Amino acid sequence: MSFDRRVFLGGAGAIVGCTLGGVGLSEAAEVLGGRKPITKPEWDALTRAYGTAKMSCVKTSQAVEGPYYYDSSLLRSSIAEGREGERLRLGLTVGGMLGMNGSRCFALSGAVVDIWQTDAAGLYSNVGGDLQTVDTSGQQFLRGHQITDEKGYVEFDTIVPGWEVIAVGSGVGARTTHIHVKVYHGRDVLTAQLYFPDPLLDHLFADVEPYRSHVMMTAPGLTKSYPRVRNVQDGLFLADKSEPMVVERVNGVLMAKATISMLSQGNRGIAPLFR
């Protein structure tokens, strides 16, 4: 199995009152991973992007990353790897906002959309036995990334996640069902969490296996098990003032859609954080 590893471009050391081996400051900036000042073609490209702002959007709230992210997922649309659960097609549109309070967005093509989630039993892949009850180190299930098309759109074939319990210091954190997402576009990064409607989750956990068997959960370091929490009982859901995704059944398969809106410099050819 080959991995499409995204390499983080680290910052370079500062150049103060000197050149680098006879190279001027602007050239040195390129040598060290920086870039030249914006050019008119780049500005024109940005203006054209703003001119296509026809989407309606609301700025997506930044959310905590959580303890289970790692920066090497497979470039793929199908991420379930055979894990049992209700099949879900997740469609995400990424838009760049016109100003902090603007309601119009333009589609952000070429953005990296990276998602990760639990399986139906509330377990993440590539997590050790000191953080969850099953050691899944080295596994890749329910993680993956896609690149947005010219409409800013990506789609994943996955399953509805379970809920989870994590040990937080001397306390416990019970989380409602959610999907984590990171979006990288140029130098802009957004971390968010996507939620599901409570009526759908109530149905799955009451009537559909393997969700129905996922009644109680614990984590290493905890002395007891805990029951599932709904959205309104999840502190992060409330703190972020989140709204559940729109989910409907299409041809027998659940389809969830969401728009992720972020402040962005647009498609100006700026070197991305990941390549």
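Please read all numbers here as calculations on a predicted model, not as lab measurements. Within every chain, residues take consecutive numbers counted from 1 along the sequence as written. Only residues with pLDDT of 70 or above have their local features reported here, since the model is predicted, and side-chain atom pairs are shown and tallied only from 80 upward, although totals for entire chains, interfaces and linings are computed over all residues. To get the side-chain values, all heavy atoms of the structure are used, and hydrogens and water are removed first.

This brings us to the overall build of the protein. Secondary structure elements are defined from DSSP: runs of H or I of at least 4 residues count as helices, runs of E of at least 2 residues count as strands, and each element is numbered from the N terminus. The secondary structure content of the protein amounts to four helices and 14 strands. Only protein chains enter the calculation, and the probe is 1.4 Å; a residue is then buried if its accessible area is under 20% of its type maximum, exposed if over 50%, and partly exposed in between. The buried share of the protein, taken over its 275 residues, is 46%. When contacts within the protein are restricted to residue pairs at least 6 apart in sequence, long-range pairs at least 24 apart make up 75% of them. Values of accessible area rely on a 1.4 Å probe in the Shrake-Rupley scheme; residue burial ignores everything except the protein chains shown. Put simply, the protein shows about 13600 Å² of open surface, and 54% of that area lies on carbon and sulfur atoms. Throughout, a residue-residue contact means that at least one pair of heavy atoms, one from each residue, lies within 4.5 Å.

A separate point is the layout of surface pockets. Space left empty within the atom packing is revealed by a probe, the size of a water molecule, rolled over the atoms. Buried and open spaces are told apart on a 1 Å grid over the protein atoms alone, a cavity being a set of points where a 1.4 Å probe fits but cannot get out and a pocket being an open set with protein on both sides within 12 Å along at least five of seven lines. Residues with an atom within 4 Å of a point are the lining residues. Grid points are joined across faces, edges and corners, and a volume is the space filled by probe spheres set on the points. There is about 470 Å³ of room inside the largest pocket. Counting residues per element, the ones that place at least two in the lining of the largest pocket are β10 (188-195) and β14 (253-263). In terms of residue count, β14 provides more of the lining of the largest pocket than any other element does, five residues in total. Residues are grouped as follows: Ala, Val, Leu, Ile, Met, Phe, Trp, Tyr, Cys and Pro are nonpolar; Asp, Glu, Lys and Arg are charged; all remaining types, including Gly, are polar. When the residues that make up the lining of the largest pocket are grouped by side-chain class, the tally is 11 nonpolar, six polar and five charged.

Turning our eyes to something else, we now look at helix α3 (residues 198-207). Turning to α3, its buried residues number three or more, namely D198, L200, L201, L204 and F205. Looking down the long axis of α3, one finds its buried residues gathered within 155° of arc, a one-sided arrangement. Check the buried side of α3 and you find it contacts β13 (246-250) and β14. By construction, the arc corresponds to the directions joining the helix axis to the C-beta atoms.

Glancing now at the pairing of β14. Taking burial as the measure, the 11 residues of β14 include eight buried ones, the bulk of the element. In the sheet, β13 pairs with β14 via five bridges, with the strands oriented antiparallel. Within β14, the residue paired with V250 across the bridge is V253. Strand pairing requires that DSSP identify at least two bridges connecting the strands. Between β13 and β14, which pair antiparallel in sequence order, lie two residues; one of them, N251, sits at a positive phi of approximately 50°.

This part is about the confidence of the model for the protein. Per-residue pLDDT for the protein averages 81, and the proportion of residues at 70 or more is 74%. Taking the mean pLDDT of every element in the protein, the minimum, 40, falls on helix α1 (residues 25-31) and the maximum, 98, on strand β6 (residues 153-159). What pLDDT conveys is the predictor's confidence in a given residue, as a value from 0 to 100. Throughout residues 1-32 the model reports pLDDT below 50, and contacts reaching past four residues in sequence, or to other chains, amount to 43 contacts.

Moving on, we come to the sheet that holds β10. The antiparallel open sheet is built from four strands, whose spatial order is β5-β4-β9-β10. This sheet does not close on itself; its edge strands, each paired only once, are β5 (143-147) and β10. Within the sheet, the average angular offset between the axes of one strand and its neighbour, ignoring direction, is 20°. Across five bridges, the pairing between strand β4 (residues 112-116) and β5 is antiparallel. Residue pairing for β5: V112 is matched across the bridge by I147. Convention adopted: a line fitted to C-alpha atoms gives each axis, helices being fitted over their contacting stretch, and angles between N-to-C directions are expressed from 0 to 180 degrees.

What follows covers empty space enclosed by the protein. One pass over the structure, following the stated rule, counts one cavity of 30 Å³ or more. The space that makes up the largest cavity amounts to roughly 70 Å³. Considering the residues around the largest cavity, the lining is formed by 13 residues, among which Y68, G122, Q132, V165 and M217 are closest to the centre. If one sorts the elements of the lining of the largest cavity by residue count, strand β7 (residues 164-168) sits on top with three residues.

Once that is clear, we can look at the side chain of E164. As for its position among the elements, E164 is in strand β7. For the purpose of counting charges, residues Lys and Arg are taken to be positive, whereas Asp and Glu are taken to be negative. His and the chain ends are not included. Throughout this description, the term salt bridge denotes a Lys or Arg side-chain nitrogen within 4 Å of a carboxyl oxygen of Asp or Glu. No salt bridge is formed by the buried E164. Its closest oppositely charged neighbour is R175, at 5.5 Å. By the criterion applied in these results, polar contacts are pairs of N or O atoms within 3.5 Å in which, for protein atoms, one can donate a hydrogen and the other can accept it, and in which residues neighboring in sequence qualify only through two side-chain atoms. Of note is the side chain of E164, whose polar atom sits 2.6 Å from the side chain of Y124. For E164, the residues in contact, after removing those within four places along its chain, are Y68, T118, G122, Y124, G173, A174, R175, H178 and M217.

Right, let's get into the environment of A107. Here A107 shows up in strand β3 (residues 104-107). The spatial distance from the C-alpha of A107 to the C-alpha of M97 is 9.2 Å, given a sequence separation of 10 residues.

Let's shift gears to the nonpolar core. L90, L92, V113, I115 and V181 are the most contacted members of the largest nonpolar core, which totals 44 residues. Counting residues per element, the ones that place at least two in this core are β2 (87-97), β4, β6, β9 (178-185), β10, α3 and β14. Aside from chain neighbours lying at most four places away, what touches L92 is V113, I115, G152, Y153, V154, V181, L194, A258 and I260. Buried Ala, Val, Leu, Ile, Met, Phe, Trp, Tyr and Cys residues that are joined via side-chain atoms within 4.5 Å together make up what is termed a nonpolar core. Within the second largest apolar cluster, eight residues are counted, among which are Y69, V112, W116 and V127.

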